[in-house]
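Here is what each chain is made of, one letter per residue.
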Amino acid sequence: MPRYAQLVMGPAGSGKSTYCSTMVQHCEALGRAVQVVNLDPAAELFSYPVMADIRELIEVDDVMEDESLRFGPNGGLVFCMEYFANNFNWLEESLGHVEDDYILFDCPGQIELYTHLPVMKQLVEQLQQWEFRVCGVFLVDSQFMVESFKFISGILAALSAMISLEIPQINIMTKMDLLSKKAKKEIEKYLDPDMYSMIEDSTNILKSKRFKKLTKSICGLIDDYGMVRFLPFDRSDEESINIVLQHIDFTIQYGEDLEFKEPKEYEEDKSALVDEYFQDRVDE
Ligand SMILES: Nc1nc2c(ncn2[C@@H]2O[C@H](COP(=O)(O)OP(=O)(O)OP(=O)(O)O)[C@@H](O)[C@H]2O)c(=O)[nH]1
Ligand SMILES: [Mg+2]
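- With an unreviewed UniProt entry as reference, the chain is termed GPN-loop GTPase 3, source organism Lepidothrix coronata.
- For the chain, the Sequence similarities (unreviewed entry) comment in UniProt is given as "Belongs to the GPN-loop GTPase family."

Written out as structure tokens, the structure is:
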């Protein structure tokens, strides 16, 4: 029997821990048991019950205070994560061997973990060996995404995690509840972006020809992948939480009796749900 995991990633402050607690509450209401593992060795408080906490293994403060190591906060975190990668048996013991379990991993926000450091990839491979089907959930704060420049850098961060981890990934725009009606309308075009119109938007601001050319190439690259879409996540809206959960469940084929659906049909279905979400917001 498979086990299911969401690897909740994203830049610092993008809403990972809030996403985890919102998802746990949502699943509880649906009668589904979902548990959370904190993998942030610098975390101070979180509002969900943890089934395992990396700080039981190692804490950033201890590493920083160690006279022989003398790390700052970021170097300290990297040290902790490498230590974690060498001690996956701690995680194995904490998780136990429960069939069919569904676990959210609340990851740290340092972006280097998803670009060039091997630890997250090692974690994914280890989880797969323990029969987990793993879905990457990459969060980006919608507050930073209302301009095409910021959007392009957010997309590159998501893409880089997608490429380095080689697992299916759902990208999410968080904190939608903080956007004004106008900004919500504005952000709609970023959810399923047409990179070619984005090129126009962003290159108009640029004076240097070389940067224009570079931006065009980057947008072309993103478009070639054709895989970067975002789902809106509004923690105050059950429907939006449900749409995100359904996407992830489908990705990891959660549930034994899940009927197989053609991916294309599914995509159309889900786009309709997202459109409905925005329609409801406009109607309000
Ligand atoms: N209004 C609103 N605030 C949010 C939402 N998600 C997160 N926040 C706020 O944003 C701040 C950061 O949220 P966290 O969930 O701690 O973000 P994080 O990604 O876990 O942060 P790090 O672990 O430090 O990288 C907190 O003050 C949250 O209350 C949301 O959907 N809506
Ligand atoms: Mg957090």
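Here's the deal with helix α3 (residues 73-85)
Step number 1: Over its 13 residues, α3 runs 18 Å from end to end, which matches the ideal 18 Å to within 8%, given 1.5 Å per residue.
Step number 2: Residues of α3 that are buried include every one of Gly-76, Leu-77, Val-78, Cys-80, Met-81, Phe-84 and Ala-85, and no others.
Step number 3: The secondary structure elements touched by the buried residues of α3 are α2 (60-65), α4 (88-95) and α5 (119-129).

Comments concerning the site of ligand 1
Step number 1: Lining the immediate surroundings of ligand 1 are 13 residues, of which Gly-15, Lys-16, Ser-17, Thr-18 and Asp-177 lie closest.
Step number 2: One of the side-chain nitrogen or oxygen atoms of Lys-16 is found 2.8 Å away from an oxygen atom of ligand 1.
Step number 3: For ligand 1, the accessible surface in isolation is 650 Å², of which the surrounding protein chains cover 68%.
Step number 4: In terms of residue class, the shell around ligand 1 is made up of two nonpolar, six polar and five charged.

Concerning the packing of aromatic side chains
Step number 1: Tallying each qualifying case throughout the model produces ten aromatic pairs.
Step number 2: Between the aromatic rings of Tyr-114 and Phe-138, the centroid separation amounts to 6.3 Å while the plane-to-plane angle is 85°, which identifies the pairing as edge-to-face. Here Phe-138 lies in strand β5 (residues 132-141) and Tyr-114 lies in the loop between β4 (102-106) and α5, a separation of 24 residues in the sequence. Of the two residues, Tyr-114 and Phe-138, both sit in the buried class.
Step number 3: Members of the aromatic cluster, joined through ring pairs, are Tyr-4, Tyr-102 and Tyr-254.

So, the state of the cysteines
Step number 1: Counted under the stated rule, the structure contains zero disulfides.
Step number 2: Not engaged in a disulfide, the cysteine Cys-107 finds its nearest cysteine sulfur in Cys-20; these two sulfurs lie 8.1 Å apart.
Step number 3: Take Cys-107: its relative accessible area is 1%, and that puts it in the buried class.

Topic: the confidence of the model for the chain
In low-pLDDT regions, the fine details of the predicted coordinates are not to be read closely.
Step number 1: The share of residues in the chain with pLDDT of 70 or more is 86%, and the mean pLDDT across the chain is 85.
Step number 2: For the chain, per-element mean pLDDT is lowest for helix α11 (residues 263-283), which scores 58, and highest for β4, which scores 97.
Step number 3: Per the prediction output, this complex has pTM 0.86; the corresponding ipTM is 0.98.

What to know about unusual backbone geometry
Step number 1: Of note, the phi angle at Glu-131 is positive, near 70°, even though the residue is not glycine.
Step number 2: Following the sequence through the fold, Glu-131 ends up in the loop between α5 and β5.

Notes on the packing of α4 against α5
Step number 1: The contact between α4 and α5 brings their axes to 12 Å, and the two run at 45°. It follows from the interaxial angle that α4 and α5 lie oblique. In this structure, the crossing between α4 and α5 has a hand that is right-handed. Mapping the contact onto sequence places Phe-88, Leu-91 and Leu-95 in α4 and Gln-122, Leu-123, Gln-126 and Leu-127 in α5.

Here is what the cut-offs are and how they apply
Residues numbered from 1 in each chain as written. Chains lettered and ligands numbered in written order. Predicted model: local features only at pLDDT ≥ 70, side-chain atom pairs only at ≥ 80, totals over all residues. Heavy atoms only, no water. UniProt positions renumbered as here; feature names shortened; annotations may be inferred. Helix = DSSP H or I, 4+ residues; strand = E, 2+ residues; numbered from the N terminus. Expected span 1.5 Å × (residues − 1). Buried < 20%, exposed > 50% of the residue type's maximum accessible area, 1.4 Å probe, protein only. Contact = heavy atoms within 4.5 Å. Near = heavy atom within 4 Å. Polar contact = N/O pair within 3.5 Å; in protein donor to acceptor, adjacent residues only side chain to side chain. Areas by Shrake-Rupley, 256 points an atom, 1.4 Å probe, with all protein chains shown as cover. Nonpolar A, V, L, I, M, F, W, Y, C, P; charged D, E, K, R; others polar. Phe/Tyr/Trp six-rings, centres within 6.5 Å; stacked < 30°, edge-to-face > 60°. Disulfide = S-S within 2.5 Å. pLDDT = per-residue confidence, 0-100. Axes fitted to C-alpha atoms, helices over the stretch in contact; angles between N-to-C directions. Parallel < 35°, antiparallel > 145°, perpendicular 65-115°, else oblique. Left-handed = near helix turned anticlockwise from the far one by under 90°.

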